[in-house]
Amino acid sequence: MKRWFWFFLVGPQLFLAAQWLQDLGAPPLDMAVLMSLFLAFFAERGALPWLLLGAALGRALVDDAGVPVQILVLGLPTACLLPLRAWFFGQRWFWQVLAAAVGALMVPYVAMLCGRWFDQPSASAVIDSWRVFWAALLLPPLLAVLRRLPPLHAFEEVS
Amino acid sequence: MRRSRQAFPVGLYGMLLFALCWLTLPTVFAPLERWGLGLVSLVPELAASWRGTPVHAAEPAVAARLQELTFDLEVRTAKHDIGSAARFVPAGWEPVHCAVLSADSRRGGGDQPCELLLDHSYAELAGCSAYVTKADVLLGYLVQPGEALAGEDEPDDPARVILLNHRAAAPVMAETARTSGGALQMIVGPAAVADPAPLRVDLWDNPFTASRLRHGGQLVHVVPLDRVDDQPPPGLWLGRTLVWGYDGEVGQDPLAIGVYVSTPFEPRSLSHVVVWRQRGVSAPQPPLRERSRRIPARLWDLPGAAGRRFLLSASAAVPSGAAVVHAGLCIGTTRGLSFGNALVTSFLGSRRRWNLILLPSAAGERPRELSAEVVETDAGVAVLRCRSDSYDGFHAPLPRGYLFTGSNGRGCPAGLFLGAAEPGYELEELQVTIPIEAGPLDVEVLVPGGER
């Protein structure tokens, strides 16, 4: 129970923290892609739906579209990457770089499709090659750090 | 068996299915979203409360200029909407200028909305004629409560207008001038949803001449019918002809297979319409209705989204879709959360379609009602892709001027200042310079009012 309390207290704020770092001059960190990678490769399967809900609440703080759209935007890349967990489990840098780049392309694309279908357009539904580059470069090491820290560490699946 | 159950993420797929249900029935799950996001927003609210002193109001000179522009908009809108129709309506009719609350999502002819809800109730419009106009254009008919189309509506509900492209709208006798001289008379009725324009010509007085029409763009005017008492005022116009068919081979004439009427005002961008009442007919006194009330609130920038996305904290519950105003300037609209909080997306940061009114800087020019979306932003300048009306003809350029909100639902009424606009590089593009203020702001939220 305690881990859920900490996750819902801190997890959604990670999205705001990433934007705050960007205000301070850091390169753009796509927390949606980072959460999708964590959910797909490292999170306990049983905890996936609630972790996804927490992440969607966080993204809804920084994005115009509603929570259900955020669930789809984060959940669809997660569902696509999840079957690859058997191969990518553990800190495999090359595959994570690749998955982060694919995620950085997929998240805005899904956001764009959802915006069009459900009439909830958002400013984040734009594919930006710099964001893809930074996602591929920065997200795997950041993921390696965050999954060793609370609150994400408490949800890591034991192999 | 256990392994395969573990491998298949039932919970994840269940959550995705749940999200689809949520999107299908948004009103059912809205409280869940308000509570969830409301709880999550308490942390940034706590952090934001330590940041700076709020800005209260604009400088007096700026505030006075905004007030002047808003007054000018009201005067010019009323003059354009009422003035040119007044010479066609019967003597003794007086106008009631109504704001549009929303265009119903139901589609009529030409795949355009076909119903409007007005800010006046049926009771307030009791005794009015059925005809609804804008400038010298006939738009549609006022519905009476209890009639088939408004069977469940009460007299205190917002009045409903069916536009001419509604399948239940009565056809109109009209005429258009022929290029060779004379006039061609016709019955104009609602087109089908799949048709290229909202109205279609159903019958002609001279079908042979009609079949030889080659070019559209002619004005279609209402004409009087003999021995019919209740008919739209003759002289008002409906739109411009649109000839639909196949291009002819070289040396041959094109083949016309249908003639449509393209209406000058796009229904979804209508912000004001006019209903006519006979002078001397007094409506029963309806309950005094507050159009909207203002809730004081405080606004903070969210990190990484200065000028685009904000956290708002108010003393009362804030609904979704309410306009947030600071010193006469519309900042954006809310997504209401629990605990008196709301997330605000500014006009600059939003990508949804807005109804807007452009007040030209040239004195005396009529205001333009637009439907537009922000396609690009750069340091306080937004590039808008607009759909304007065709009252002055197709592809008329947009003038330089000042941009105001049009009717964007009950919480975001027409007439809130957004910024200074000038024509963009494309024909239907506008570049809008929006004043951005950083730091915490003291603002007001416009909440739709009820009865007093």
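Everything numeric here is computed off the predicted structure, so don't read it as measured data.

Reading the values: rules and limits
Residues numbered from 1 in each chain as written. Chains lettered and ligands numbered in written order. Predicted model: local features only at pLDDT ≥ 70, side-chain atom pairs only at ≥ 80, totals over all residues. Heavy atoms only, no water. 1 Å grid on protein atoms, 1.4 Å probe; cavity = no way out; pocket = protein on both sides within 12 Å on 5 of 7 lines; lining within 4 Å. Points joined across faces, edges and corners; volume = space filled by probe spheres on them. Helix = DSSP H or I, 4+ residues; strand = E, 2+ residues; numbered from the N terminus. Nonpolar A, V, L, I, M, F, W, Y, C, P; charged D, E, K, R; others polar. Phe/Tyr/Trp six-rings, centres within 6.5 Å; stacked < 30°, edge-to-face > 60°. Buried < 20%, exposed > 50% of the residue type's maximum accessible area, 1.4 Å probe, protein only. Lys NZ or Arg CZ within 6 Å of the ring centre and 35° of its normal. Expected span 1.5 Å × (residues − 1). Bend = angle between axes of the 7 residues up to and from the residue. Axes fitted to C-alpha atoms, helices over the stretch in contact; angles between N-to-C directions. Parallel < 35°, antiparallel > 145°, perpendicular 65-115°, else oblique. Contact = heavy atoms within 4.5 Å. Core = buried A, V, L, I, M, F, W, Y, C linked by side-chain atoms within 4.5 Å. Pairing = 2+ DSSP bridges. Buried area = accessible area lost by both parts, 1.4 Å probe. Salt bridge = Lys/Arg side-chain N within 4 Å of Asp/Glu carboxyl O. Polar contact = N/O pair within 3.5 Å; in protein donor to acceptor, adjacent residues only side chain to side chain. Patch = residues over 30% accessible without salt bridge, like charges linked within 9 Å, V, L, I, M, F, W, Y side chains within 5 Å. Areas by Shrake-Rupley, 256 points an atom, 1.4 Å probe, with all protein chains shown as cover.

Residues and elements named next belong to chain B. Within this structure, the stated rule accounts for five cavities of 30 Å³ or more. Computed from the structure, the largest cavity encloses a volume of approximately 160 Å³. Broken down by element, the residue count for the lining of the largest cavity peaks at three residues, all from strand 16 (residues 329-336). Size it by volume and the second largest cavity reaches roughly 130 Å³. Around the second largest cavity, the lining is made up of 14 residues, and of these Leu 139, Leu 163, Leu 164, Thr 263 and Phe 265 lie nearest the centre. If you tally residues by element for the lining of the second largest cavity, the top one is strand 4 (residues 137-142), at three residues. Counted by class, the lining of the second largest cavity contains 12 nonpolar, two polar and no charged residues.

All chains considered together, the criterion is met by 20 aromatic pairs over all chains. Ring geometry for A:Trp4 and A:Phe7: centres 6.4 Å apart, planes at 90°, overall edge-to-face. A residue pair is termed a helical-turn pair when its members lie 3 or 4 positions apart in one helix, as A:Trp4 and A:Phe7 do in helix 1 (residues 2-10) at three residues. One exposure class covers both A:Trp4 and A:Phe7, and it is buried. By the ring-pair criterion, three or more aromatic residues cluster together here, those being A:Trp4, A:Phe7, A:Phe8 and A:Phe155. Residue placement shows A:Arg147 over the ring face of A:Phe42; its charged tip is 3.9 Å from the ring centre. The aromatic ring of B:Trp354 is capped on one face by B:Arg352, whose charged end is 4.2 Å from the ring centroid.

Residues and elements named next belong to chain A. With 15 residues, helix 5 (residues 67-81) extends 21 Å between its outermost C-alpha atoms, agreeing within 8% with the 21 Å of an ideal straight helix rising 1.5 Å per residue. Along its length, helix 5 shows its largest kink, about 25°, at Gly 75, and proline Pro 77 lies within four residues downstream of that point. Most of helix 5 is tucked away: 13 of the 15 residues are buried.

All names here are of chain B. At a minimum axis separation of 6 Å, helix 2 (residues 10-24) and helix 3 (residues 26-40) run at an interaxial angle of 115°. The angle between the axes of helix 2 and helix 3 places the two elements in the roughly perpendicular class. Seen from helix 2, the contacting residues are Phe 18, Cys 21, Trp 22, Leu 23 and Thr 24; seen from helix 3, they are Pro 26, Phe 29, Leu 32 and Glu 33. Across the contact of helix 2 with helix 3, the residue classes break down as seven nonpolar, one polar and one charged.

Grouped together as the largest cluster of nonpolar side chains are 71 residues, with contacts concentrated most on A:Phe38, A:Leu51, A:Val67 and A:Ile71. Not counting residues within four places of it along the chain, the set of residues in contact with A:Val67 comprises A:Leu53, A:Ala56, A:Leu57, A:Ala60, B:Trp22, B:Glu33 and B:Leu37. Counting 52 residues, the second-largest nonpolar core is a separate cluster that includes B:Val100, B:Val143, B:Val261 and B:Trp276.

Residues and elements named next belong to chain B. Most of strand 16 sits inside the fold, with seven of its eight residues counted as buried. Of the pairings in the sheet, the one linking strand 16 to strand 17 (residues 341-346) comprises five bridges and is antiparallel in character. Note that in strand 17 the partner of Thr 333 across the bridge is Thr 345.

What follows is about the interface of chain A and chain B. In this complex, chain A contributes 36 residues to the contact, which on the side of chain B involves 31 residues. Both faces combined, the contact of chain A with chain B buries some 2,800 Å², and carbon together with sulfur accounts for 74% of it. Sorting the residues of chain A by area buried against chain B places A:Leu61, A:Asp64 and A:Pro68 first, and these three jointly supply 20% of that buried surface. Across the contact surface, chain A and chain B share one salt bridge. On inspection of chain A and its partner chain B, the count reaches seven residue pairs in polar contact (both at pLDDT 80 or more). Among the elements of the structure, helix 2 (13-23), helix 4 (48-62) and helix 5 of chain A are those that each provide at least two residues to the side of chain A that touches chain B. In terms of residue class, the side of chain A that touches chain B is built from 25 nonpolar, seven polar and four charged.

Right, let's get into the pattern of salt bridges. Residues and elements named next belong to chain B. Scanning all chains against the criterion turns up 24 salt bridges over all chains. We note a salt bridge from Arg 335 to Glu 33, for which the minimum N-O separation is 3.2 Å. With Arg 335 in strand 16 and Glu 33 in helix 3, this pair connects stretches of sequence that are 302 residues apart. In this structure Glu 33 comes out as buried when scored by relative accessible area, which is 12%. Here the salt bridges do not stand alone but share partners, grouping Glu 365, Arg 366, Arg 368, Asp 389 and Asp 392 into one network.

On the surface, A:Phe5, A:Trp6, A:Leu9, A:Val10 and B:Val43 cluster together into a nonpolar patch covering about 420 Å² of accessible area. If you tally residues by element for the nonpolar patch, the top one is helix 1 of chain A, at four residues. Within the secondary structure layout, A:Val10 lies in helix 1. A relative accessible area of 31% means that A:Val10 is categorised as partly exposed.

All names here are of chain A. Among the 11 residues in helix 3 (residues 31-41), 11 count as buried, and that is most of the element. When we look at burial in helix 3, the residues that qualify are Met 31, Ala 32, Val 33, Leu 34, Met 35, Ser 36, Leu 37, Phe 38, Leu 39, Ala 40 and Phe 41. The N-cap residue of helix 3 is Asp 30: its side-chain oxygen and the backbone nitrogen of Ala 32 are 3.2 Å apart.

Let us now look at the side chain of B:Ser390. Along the chain, the position of B:Ser390 falls in the loop between strand 20 (381-387) and strand 21 (401-405). Leave out the neighbours within four places in its chain, and B:Ser390 touches B:Arg240, B:Thr263 and B:Pro264.

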